[in-house]
Amino acid sequence: MTVAHGTGPLAARFVHAALIIETDRDLDMLAAELNRSAKRYDEVLVVVGERTRAVLAGLAGDLPDAVCWGAQDGFYQRLGFAYERFRRYLAAAHRAGRRAHVIAEPDLTHGVDAGLRADRVAAYLEYEAICNRTYALDAATVTCVWDCRDHPATVLDRVRATHPHLVTSVGRMPSPDYLQPERYLTERRHLPMGSPPADVDHDVSVGGVAGLSGLRSALGRWAADHRFDGEAMEDLVTAVVEVATNGLRHGDPPVRVRAWHHGDTLVVQCDDAGSRPLPAEAGFLRPDPVAAVAGGRGLWLARQLADMVMVSSEPGRTSVRLHFPREIMLAASS
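Residues numbered from 1 in each chain as written. Predicted model: local features only at pLDDT ≥ 70, side-chain atom pairs only at ≥ 80, totals over all residues. Heavy atoms only, no water.

**Q** A description of the packing of aromatic side chains should follow, citing residues and the corresponding values.
**A** Within the structure shown, the criterion is met by seven aromatic pairs. Aromatic side chains Tyr127 and Phe284 sit 5.3 Å apart centroid to centroid with 80° between the ring planes, which places their arrangement in the edge-to-face category. Remark: Phe284 occurs in the loop between strand 10 (265–272) and helix 10 (296–305) and Tyr127 occurs in helix 5 (residues 117–134); sequence separation between them is 157 residues. Of the residues examined, Tyr127 reaches a relative accessible area of 5% and is grouped as buried. Here the basic side chain of Arg85 rests over the ring of Phe75, its NZ or CZ set 4.1 Å away from the ring centre. The ring of Phe284 has Arg303 sitting right over it, with the charged end atom 3.9 Å from the ring centre. (Phe/Tyr/Trp six-rings, centres within 6.5 Å; stacked < 30°, edge-to-face > 60°. Helix = DSSP H or I, 4+ residues; strand = E, 2+ residues; numbered from the N terminus. Buried < 20%, exposed > 50% of the residue type's maximum accessible area, 1.4 Å probe, protein only. Lys NZ or Arg CZ within 6 Å of the ring centre and 35° of its normal.)

Written as structure tokens, this is what we have:
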């Protein structure tokens, strides 16, 4: 079910809006939104940074019990985890017949090596795009706070493209730059990824299912060498093996697996010669347990286990790159 301006049964009910601020004074608009929501919704979940929370607390005044404050580090661990947790929250409210509003400020830099932060923001915005479909529940609203002081203009352009509405001083307005999820994801899917480094820690060719056992063992030792242990190590190994298995099943073997490290982040890329590109939504939608879309089941699991997944897919070639920042992976597994 897709949300569009004026189309579809939920278009007038589900609202996904962005508030783009330049200074703390712009949070007056968010405080007004919060005060309105406290009166209109059965529950309001606010997950913002400490600076924003402090400003809001001074602007919004006394708020009813319907307003609940959540900690950023409880939501923004792995990107797929954050996306899925908000989805489940809204779905539970919907099942209970309660009107819910989520006000969220994404934390996309904590625990991430500086050189990889731009990739993480880009990956998160893909979730912002697809949630216009997957969060589209009756009487649900999501307002996202994006700060010009933390993000360049190119990122904010993509914020406008992934949010159907913008919060302004005169209220919510349609975003003139909004793109439907399928179009946004398709356009992003065709953008090339940066090349892996010439000197990687592992470069393995997996020609069939029999080779997956050796891949699993090599990845486990590699992760342990970089101080990944327990659940964090198992999540890394499982995510990569799922993607490699997808490449064997739906692509043209062999699957090339390259693994390297960038500071405390472990990075793995799987390349296969797929005969057709992956669907733009592959891995974002919870798969049907009986009849999963080709490539969707393993990629969906990988998105839950890795912090970040990047996909570049064209006829004859599919590349999937997974990021595992050590601090984030260990925190999520504890």
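**Q** Now, about the side chain of Arg258: what can you tell me, with residues and values included?
**A** Note that Arg258 resides in strand 9 (residues 255–262). The buried category is assigned to Arg258, whose relative accessible area is 13%. A polar contact is formed between the side chain of Arg258 and the side chain of Asp271, at a distance of 2.8 Å. Residues contacting Arg258, with those up to four places away along its chain left out, are Pro196, Val200, His202, Asp203, Val267, Val268, Gln269 and Asp271. (Polar contact = N/O pair within 3.5 Å; in protein donor to acceptor, adjacent residues only side chain to side chain. Contact = heavy atoms within 4.5 Å.)

**Q** Break down the environment of Trp146 for me, with residues and values.
**A** Considering the arrangement of structural elements, one finds Trp146 in strand 5 (residues 140–147). Among the residues examined, Trp146 registers a relative accessible area of 0% and is labelled buried. C-alpha of Trp146 to C-alpha of Pro174: the two residues are 28 residues apart in sequence and 17 Å apart in space. A polar atom in the side chain of Trp146 sits 3.4 Å from the side chain of Glu128.

**Q** Describe the sheet that holds strand 4 (residues 100–104), naming the residues involved and giving the relevant values.
**A** Across the sheet, seven strands lie side by side as 3-2-4-5-1-6-7; this open sheet has mixed pairing. Because the sheet does not close on itself, it has two edges, and the strands there are strand 3 (67–70) and strand 7 (171–174). Ignoring which end each strand starts from, the neighbouring axes of this sheet average 25° apart. Strand direction decides the pairing type here: strand 1 (residues 15–21) and strand 5, joined by seven bridges, are parallel. When the sheet's bridge partners are listed, Ile21 is paired in strand 5 with Asp147. Relative to strand 1, helix 6 (residues 153–162) is tilted by about 160°, and along the sheet it contacts strand 1, strand 5 and strand 6 (165–168). (Pairing = 2+ DSSP bridges. Axes fitted to C-alpha atoms, helices over the stretch in contact; angles between N-to-C directions.)

**Q** Lay out the sheet that holds strand 10 in plain terms, naming residues and giving numbers.
**A** Strands sit in the order 8-9-10-12-11 across an open sheet of five strands; the sheet is antiparallel. The open sheet has two edge strands with one neighbour each: strand 8 (202–206) and strand 11 (308–314). Each strand axis lies, on average, 15° off the axis of its neighbour in the sheet, ignoring direction. With five bridges connecting them, strand 8 and strand 9 associate as antiparallel partners. Opposite Val206, over in strand 9, you have Val255 as the bridge partner. The sheet strands contacting helix 5 are strand 11 and strand 12 (317–325), and the helix crosses strand 11 at an angle near 75°.

**Q** Account for empty space enclosed by the protein, naming residues and giving values.
**A** Scanning all chains against the criterion turns up one cavity of 30 Å³ or more. Quantified by volume, the largest cavity comes out at close to 120 Å³. Phe86, Tyr124, Glu128, Cys131 and Tyr135 are the residues nearest the centre of the largest cavity, which is lined by 14 residues in total. Elements with a contribution of two residues or more to the lining of the largest cavity: helix 4 (79–95), strand 4, helix 5 and strand 5. (1 Å grid on protein atoms, 1.4 Å probe; cavity = no way out; pocket = protein on both sides within 12 Å on 5 of 7 lines; lining within 4 Å. Points joined across faces, edges and corners; volume = space filled by probe spheres on them.)

**Q** So, unusual backbone geometry: which residues are in play, and what are the values?
**A** The omega angle of the peptide bond from Pro253 to Pro254 is 5°, so this bond is cis rather than trans. Mapping Pro254 onto the fold places it in the loop between helix 9 (230–250) and strand 9. Unusually for a residue other than glycine, Arg227 sits at a positive phi of about 65°. Considering the arrangement of structural elements, one finds Arg227 in the loop between helix 8 (212–225) and helix 9.

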